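Below, each chain spelled out in residue letters.
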Amino acid sequence: MIKNIFKSREALLYVMSISMVFSFSAWMSLLNNFVIEVASFDGSQIGILQSLREIPGFLAFTVVLAIIFVAQQRLAYISMILLGLGVMVTGYFPSAIGLYITTVIMSIGFHYLETLNQSLSLQWLSKEKAPIVLGKITAAKSFTALLAFMIIYIMMKFYSVEYKYVYAFFGGITLLTGILAWIGFEHFKDEVVQEKKLVLKKEYWLFYVLTFFAGARRQIFVVFAGFLLVEKFGVDIHNMVVLLFVNSILTIYFAPKIGKFITRFGERVTLKVEYIGLMLVFISYAFVDNLYFAYFLFVIDHVLFAMAIALKTYFQKIADPKDIASASAVSFTINHIAAVFLPVLLGLVWLYSHSLVFIIGASIAFLSFALSFLIPEHPEQGVETTLKAKRVNPLS
C-alpha cells in the first residue's frame, strides 16, 4: 500500500500541497502578532515586508528557465526545502532586516513550489477530474492548516513556547518532508513535453487579466485584513489562531463542494459568485466597527477564495497542454505584479485611511466581476472568451 503511494502522481500532489501549507500557515498566522509584539513594526514596515515576500512571486517566470536544467518534480523538492529553511530560521532574526531576508528565502521556496504544484496538477489531472481533485486538495490543505493552528495554540497557550521555536518546528517539518519525498517518490515522466520558453499568448488574455486582479485583491486580504483585526480591535495571537482554525474547518467542508459546483455550473457562474461576494466583503471591511462582524467578514473572505479553483480549471480548458508549465509560471508573475508594489503603496494609504484600502479592494473585485461575463459557458481551445467564435474545420 505504502509502496503504491510513492508511485502515485496524485499522492505527490497532496504531499507537496500539505507540506507547503503546514509551514506557510504557521509563518502567516504568527506574522502579524510577531512583527508587532517582537519586532515593533508599523503599517509601513509590514507593507515593505509583504512586498518583499511577493518579489519571488513576481519572478515566478524564472521557473521556466530553471526547468531547462532541473526537472519540474526535482525542482519542487528543492523548493520545499527552501520554504522549510526560511520558516525555520524566521524567529531567530526579530529585526526589520532579519525578517526581510528570511522572508525572501521562505518566499522563493513557497512561490516556486506553488507554481510547480499548479503546473503539475494541470498536467497530471484530467479536465474531468481536475475540479473535484483540486477541491479535495484544497480541503486537505485546510485540514493541514487546521492541524497547524491547533499545534500552535497548544504550544503557545499551554506551554508558552517562544515564537522562534514554533517557527523552527514548522519549518523543520517541511524541510524534512522535502528531503524524504525526494528520496521516496518515483520520478514521473512528462506525458507532454513542456515548452522551455516563456509563453504569453493573446488567446489567454482574459485569464491573465483576471489573474492580475486576483493577485491585487488577495494582497489586500492577506496583508490588511488580519492587520486590521490586530491593530484596530487588539485581537491577540490566541484568538487569531482560533479564527484561522474556524476558517480551516469551513474550507474543509466547502472546498470539495465548490469543486462539484464548478463541475455542475461551470467556471463562469462560480467566478461571478466569488467576485460579488468579495465586493460585499471589502465594502463591509471599510466601515466595520464591531469585532464579531469583523470576525465574520474574515471567515467569509477566506471561504470565497476557495472559489479561485475555477480560474485554474478555466485555464486548463483553454490552454494547449504543452503551454501549461510555462503559462503557469507567467501567470504567477502576473498575479504578483500588483503584489510587489501594492502592499507598500496601500501601507502608506493605511496610515491615512483604513477604509480607503478596502474600498480599493472592492473596486478591483467589481472590475473582475465585469470581466467574468466574457468567460464562455463551455470554455475550450478556440473558445477562450465570448468574443471569440469557435474555429470551424473547413473539411468537416
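Residues numbered from 1 in each chain as written. Predicted model: local features only at pLDDT ≥ 70, side-chain atom pairs only at ≥ 80, totals over all residues. Heavy atoms only, no water.

Novice: How do you make sense of the packing of helix 9 (residues 205-233) against helix 12 (residues 309-318) when you look at a structure like this?
Specialist: In a pair of packed helices, the angle between the axes and the distance between the axes together describe the arrangement. Relative orientation of the contacting elements helix 9 and helix 12 amounts to 165 degrees, with a least axis distance of 10 Å. Comparing the axis directions of helix 9 and helix 12 gives the class roughly antiparallel. Crossing of helix 9 over helix 12 shows left-handed handedness. When helix 9 is examined against helix 12, the residues Leu 206, Phe 207, Leu 210 and Thr 211 are found in contact with a partner set consisting of Leu 311, Tyr 314, Phe 315 and Ile 318. The class makeup of the residues in the contact of helix 9 with helix 12 is seven nonpolar, one polar and no charged. (Axes fitted to C-alpha atoms, helices over the stretch in contact; angles between N-to-C directions. Helix = DSSP H or I, 4+ residues; strand = E, 2+ residues; numbered from the N terminus. Parallel < 35°, antiparallel > 145°, perpendicular 65-115°, else oblique. Left-handed = near helix turned anticlockwise from the far one by under 90°. Contact = heavy atoms within 4.5 Å. Nonpolar A, V, L, I, M, F, W, Y, C, P; charged D, E, K, R; others polar.)

Novice: Explain the environment of Ser 79 here, please?
Specialist: Here Ser 79 is to be found in helix 5 (residues 72-90). It is 9.8 Å that separates the C-alpha atoms of Ser 79 and Met 16, two residues lying 63 residues apart in sequence. Those residues in contact with Ser 79 that lie beyond four places of it in its chain are Gly 109, Tyr 112, Leu 113 and Leu 116.

Novice: Would you take a moment to explain the nonpolar core for this structure?
Specialist: Soluble globular proteins: nonpolar side chains tend toward being buried together. Ranked by size, the top nonpolar core spans 127 residues in total, and within it Trp 27, Tyr 285 and Phe 358 carry the most contacts. Looking at this core, the element that brings in the most residues is helix 9, giving 16 residues. With near-sequence residues (within four places) excluded, Tyr 285 lies in contact with Phe 221, Ala 225, Leu 228, Leu 297, Phe 298, Asp 301 and Phe 358. (Core = buried A, V, L, I, M, F, W, Y, C linked by side-chain atoms within 4.5 Å. Buried < 20%, exposed > 50% of the residue type's maximum accessible area, 1.4 Å probe, protein only.)

Novice: Help me out: how do you make sense of the packing of aromatic side chains in this one?
Specialist: How two aromatic rings sit relative to each other is given by the distance of their centres and the angle of their planes. Taken as a whole and judged by the stated rule, the model has 29 aromatic pairs. Between the aromatic rings of Tyr 204 and Tyr 208, the centroid separation amounts to 6.2 Å while the plane-to-plane angle is 75 degrees, which identifies the pairing as edge-to-face. Tyr 208 matches Tyr 204 in its accessibility class, with the two residues each being buried. On the numbers, 4.5 Å between centres and 20 degrees between planes, the contact of Phe 207 with Phe 315 is stacked. With a gap of 108 residues between them, Phe 207 in helix 9 and Phe 315 in helix 12 connect regions that are remote in the sequence. For the pair formed by Phe 207 and Phe 315, the shared burial category is buried. The rings of Phe 224, Phe 227, Phe 282, Tyr 285, Trp 350 and Phe 358 are connected pair by pair, giving a single aromatic cluster. In this structure, Arg 218 is placed above the aromatic ring of Phe 305, and the distance from its NZ or CZ to the ring centre is 5.0 Å. (Phe/Tyr/Trp six-rings, centres within 6.5 Å; stacked < 30°, edge-to-face > 60°. Lys NZ or Arg CZ within 6 Å of the ring centre and 35° of its normal.)

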